2 protein chains.
Amino acid sequence: MPVSVVQTADGVRAALASRRGSGPIGLVPTMGALHAGHARLIEEARHECVTVAVSIFVNPLQFDRADDLARYSRPFEADLALCETLSVDVVFAPTAADMYPEPLDCTVHVGRTAEHLCGAFRPGHFNGVATVVLKLFNVVQPDVAYFGEKDAQQLAIIRRMVADLNVPVRIAPVATVREADGLALSSRNQHLNAAERALAPALFHALGVVRDAIAAGNADAAALKRQASESIPADGRLRLEYLELVDPWTFQPVDRVSGPVVAAGALWVGSTRLIDNIRCTPP
Amino acid sequence: MPVSVVQTADGVRAALASRRGSGPIGLVPTMGALHAGHARLIEEARHECVTVAVSIFVNPLQFDRADDLARYSRPFEADLALCETLSVDVVFAPTAADMYPEPLDCTVHVGRTAEHLCGAFRPGHFNGVATVVLKLFNVVQPDVAYFGEKDAQQLAIIRRMVADLNVPVRIAPVATVREADGLALSSRNQHLNAAERALAPALFHALGVVRDAIAAGNADAAALKRQASESIPADGRLRLEYLELVDPWTFQPVDRVSGPVVAAGALWVGSTRLIDNIRCTPP
């Protein structure tokens, strides 16, 4: 059966009405520009759910920079073809006017979980993410929603929102998909030229340095971060925005590693900002 | 069948699971201390829905003053008896620890709709209201939720939240229930002594002055508010906190009345704060 493409909240509810009750509905929220990382999320949903919905919506509310929003890739036909290939049942592709017929007055506000890492560098970003994800949940009313571990702080915030607001959706995390050289898949990778692409795995390698040092018993966060930072090639095109060790649930920075932590970083490669993270466990 | 009383979110979902699908579920969110105004809400739910749930929860998040929270009446047995009488199916009565096992990090933030009237005098109040109502909606997952028009700004904010966040719940407003002398029923009325009780209808009368003047063609908000204010007896026990004319949807004050408005006020009667409102329509 071909994928059903709907643009409005009412359309989604109508498309799903007959399927509700026949088994779990899975939602994969995306901003389009689908790649093998998204495909992994969809495959996981396909494996677990009777009905799979994918939302494709470049959410203006979560962009802190207009130029970033403007250049965000929107290859809708290719995205749709991938959804067909992966046997998605319903694609929800609203416009900004469908999602925001007027400026919102009620939004989700994220506290301490959004204080550090990307939250510190992208003001309002995670309020925008949490708000649109809650809207998508309320429109689709899925049983399960799939999020990539690549966006670790986003995943932590969505989990926190679900717990705090009693949202009746199970959050399923899916492991980051990487290129052979370790670079995490991202829609933003396509903006890299060949030289930048060659430099881009530096972030993953720096996080690996941290993981190995923690596994070897190093526990001092400042020393670990210095070590990671020094592992990044001295190249004018590379600028480390942050590299931090945080608690996996609260996303608060730790001074000493005494249990599992998330090592997370953001690296500018030319004019492209990449993020990545690894779970680290002390010996 | 006796009313089923449950304390946890899981308990509510279990109690409602078998009823879901057999017809609409109605929710009446309350803070207990039930009176004839709540009874009207429950009767309306009973009339329209197959299953009626009442939540009884004195929400600490929406109290801006600790003394107000401490003295808020909690006559649980009487509340339960009323629910039985009105054939309520499920009473959800969580503790604060059930609702807030840890401090929330993700909350609902209300913007302009909460700027004026009660929102201006009770900082954080409506964020707390919107957050707990969204939690209750997510726990009970009702088809319809019933709110009294007496709390007009609250009702406007809940409607706005439902629209903004695509919450799949219909909001049903229910007319204010009044005593013979016009005093709107409120759990707070029981704090009035006999002399205060005799003075308390002053707010409703002041709002009536505004309604009649608007119906007679007076459109200048400043003059209307002055007239209303002057109608309140000069008595040391009465203090008008605000009396305002606002747009029924945005709850922004109007300077001139050119369509339907809500006239809303808050009056301190001794140490008790009462609110009321009337819909006014120009000729």
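Residues numbered from 1 in each chain as written. Chains lettered and ligands numbered in written order. Predicted model: local features only at pLDDT ≥ 70, side-chain atom pairs only at ≥ 80, totals over all residues.

Visitor: What exactly am I supposed to notice about the sheet that holds strand S6 (residues 144-148) of chain B here?
Guide: Hydrogen bonds along the backbone pair up the strands of a sheet, which may run parallel or antiparallel. All names here are of chain B. In space, the six strands of this open sheet follow the order S1-S4-S3-S2-S6-S7, with parallel pairing throughout. Each edge of the sheet is formed by a strand with only one pairing partner; in this case those strands are strand S1 (4-6) and strand S7 (170-174). Within the sheet, the average angular offset between the axes of one strand and its neighbour, ignoring direction, is 25 degrees. Against the sheet, helix H7 (residues 125-140) contacts strand S2 (25-30), strand S3 (51-56), strand S4 (90-92) and S6, and its axis sits at roughly 150 degrees relative to S2. On top of the sheet, helix H8 (residues 152-164) reaches S6 and S7; it is set at about 165 degrees to S7, its chief contact. (Pairing = 2+ DSSP bridges. Helix = DSSP H or I, 4+ residues; strand = E, 2+ residues; numbered from the N terminus. Axes fitted to C-alpha atoms, helices over the stretch in contact; angles between N-to-C directions. Contact = placed C-beta atoms within 7 Å.)

Visitor: Explain the pairing of strand S9 (residues 261-269) of chain A here, please?
Guide: As a general feature of sheets, a regular strand has side chains that alternate between the two faces. All names here are of chain A. Burial analysis of S9 places eight of its nine residues in the buried class, which makes it a mostly covered element. The pairing of strand S8 (residues 238-246) with S9 spans eight bridges and is antiparallel. Within the sheet, the bridge partner assigned to Glu244 lies in S9 and is Ala264. Looking at chain direction, S9 and strand S10 (residues 272-280) are connected through nine bridges and run antiparallel. Bridged to Ala263 within S10 is Ile278. (Buried ≥ 20, exposed ≤ 12 C-beta atoms within 10 Å, placed from the backbone.)

Visitor: I would appreciate a short explanation of the environment of Gly128(B) in the present structure.
Guide: Residue and element names in this part refer to chain B. With respect to the helices and strands, the residue Gly128 is situated in helix H7. Gly128 gets classed as buried once you count the C-beta atoms within 10 Å, which come to 20. Residues Gly128 and Val110, 18 residues apart in the sequence, show an inter-C-alpha distance of 9.4 Å.

Visitor: Sorry if this is basic, but what is going on with the interface of chain B and chain A here?
Guide: When the parts of a complex come together, some accessible area is lost, and that lost area is often taken as the interface size. Taken together, the contact between chain B and chain A spans 24 residues of the former and 24 residues of the latter. Relative to strand S5 (residues 106-110) of chain B, strand S5 (residues 106-110) of chain A runs antiparallel, the two being bridged by five bridges. Within the sheet, the bridge partner assigned to Val110(A) lies in S5(B) and is Cys106(B).

Visitor: Would you mind going over the domain arrangement of chain A with me for this structure?
Guide: All names here are of chain A. The domain architecture assigned to chain A consists of domain 1 (4-174) and domain 2 (187-278). Between domain 1 and domain 2, the C-alpha centre-to-centre distance is 26 Å. For the side of domain 1 that touches domain 2, the secondary structure elements donating two or more residues are helix H6 (118-121) and helix H8 (152-164). In terms of residue count, H8 provides more of the side of domain 1 that touches domain 2 than any other element does, three residues in total. Considered class by class, the residues forming the side of domain 1 that touches domain 2 number six nonpolar, five polar and two charged. (Domains from an automatic or database assignment. Nonpolar A, V, L, I, M, F, W, Y, C, P; charged D, E, K, R; others polar.)

Visitor: When you look at the packing of helix H10 (residues 202-215) of chain A against helix H11 (residues 221-230) of chain A in this model, what are you seeing that I'm missing?
Guide: Angle between the axes and distance between the axes are the two parameters that describe a pair of packed helices. Residue and element names in this part refer to chain A. H11 packs onto H10 with a crossing angle of 145 degrees between their chain directions and a minimal axis gap of 8 Å. Here the hand of the crossing between H10 and H11 comes out right-handed. Contacts from Ala206, Leu207, Val209, Val210, Ala213 and Ile214 in H10 reach Leu224, Gln227 and Ala228 in H11. Counted by class, the contact of H10 with H11 contains eight nonpolar, one polar and no charged residues. (Left-handed = near helix turned anticlockwise from the far one by under 90°.)

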